[in-house]
Amino acid sequence: YKRALAWFALFQAALAKRPYNLFHRRNLYMRTADVPRSFGNKASWDRAFPEHFETFATEGNAALIDGSGTCSATCADALDVRGEYDLVYIDPPYINGSGTGVDYRQFYHFLEGMAGFDDWGASVDLKSKHRRLVRRDDPWSDRNRCHAMFERLFERFAESVIVVSYRSDGQPSVDELAAMVRAVKSDVRIMDVKSYQYALSTNRRSREVLIVGTGLRSRIRKR
């Protein structure tokens, strides 16, 4: 668990040090150029990496609890995760209001590289300007396929309480997602967190939304 905490602190420190909330090769010259800077996370960027690491290690340690059972973490496609769960929290990528898919793998590609260090070299697209990762097929970012993915996901975890974290301008729409959840849950609530906004975001229209589904519909109860 100490090793896991160290990874947590390392990743969070790296996130805090990325200008403009992005990792890419063009940032390298910005870190050494002696020019005025005014971007949103400049204060965290100016702090030394060891300071960030210590801060997040302290936060991680403070969050430890003595649970009654064994905890585990799984890295896999959500549809391939085995087991039954009391509650499933889903924070999916989504297609924003302008029709652009959110590719978190590209956003966090430096962390992806550290997590899969042995395969890092083969994962980088050396022909791209910013040394992005080799693209993978992503049905979640395809407006023609993402509806079916959501339906399969909700059906897979129909017996759990379903909580979906989403954005009000996402595609599929909040109403469409809620209808999909209603296909498997008897009680669905939509909670609009109007005061929440991402750090450095200039989008004042998009809001954080929670869709909560409880109660199993009788047609899909286990026999």
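Residues numbered from 1 in each chain as written. Predicted model: local features only at pLDDT ≥ 70, side-chain atom pairs only at ≥ 80, totals over all residues. Heavy atoms only, no water.

Asks: Provide a residue-level description of the overall build of the protein chain, including the pertinent values.
Replies: For the protein chain, the count of helices and strands is nine helices and four strands. Across the protein chain, helices and strands are ordered from the amino to the carboxyl terminus as α-α-α-α-β-α-α-α-α-β-α-β-β. Going through the 223 residues of the protein chain one by one, you find that 30% of them count as buried. Pairs at least 24 residues apart make up 67% of the contacts formed inside the protein chain by residues separated by at least 6 positions. (Helix = DSSP H or I, 4+ residues; strand = E, 2+ residues; numbered from the N terminus. Buried < 20%, exposed > 50% of the residue type's maximum accessible area, 1.4 Å probe, protein only. Contact = heavy atoms within 4.5 Å.)

Asks: Explain the side chain of S165 to me, and be specific about the residues and the numbers.
Replies: Along the polypeptide, S165 turns up in strand 2 (residues 161–167). Given the relative accessible area of 4%, S165 is considered buried. Polar side-chain contacts of S165 include one of 2.4 Å to the side chain of E208. Beyond its immediate stretch of four places on either side in the chain, S165 contacts Y89, I90, D91, P92, E208, V209 and L210. (Polar contact = N/O pair within 3.5 Å; in protein donor to acceptor, adjacent residues only side chain to side chain.)

Asks: Break down the sheet that holds strand 2 for me, citing the residues and quoting the values.
Replies: Read across the open sheet, the four strands follow the order 1-2-4-3; overall the sheet is mixed. Two strands bound the open sheet, and with one partner strand each, they are strand 1 (87–90) and strand 3 (185–193). Across this sheet, the average inter-strand angle for adjacent strands is 15 degrees, counted without regard to direction. Across four bridges, the pairing between strand 1 and strand 2 is parallel. (Pairing = 2+ DSSP bridges. Axes fitted to C-alpha atoms, helices over the stretch in contact; angles between N-to-C directions.)

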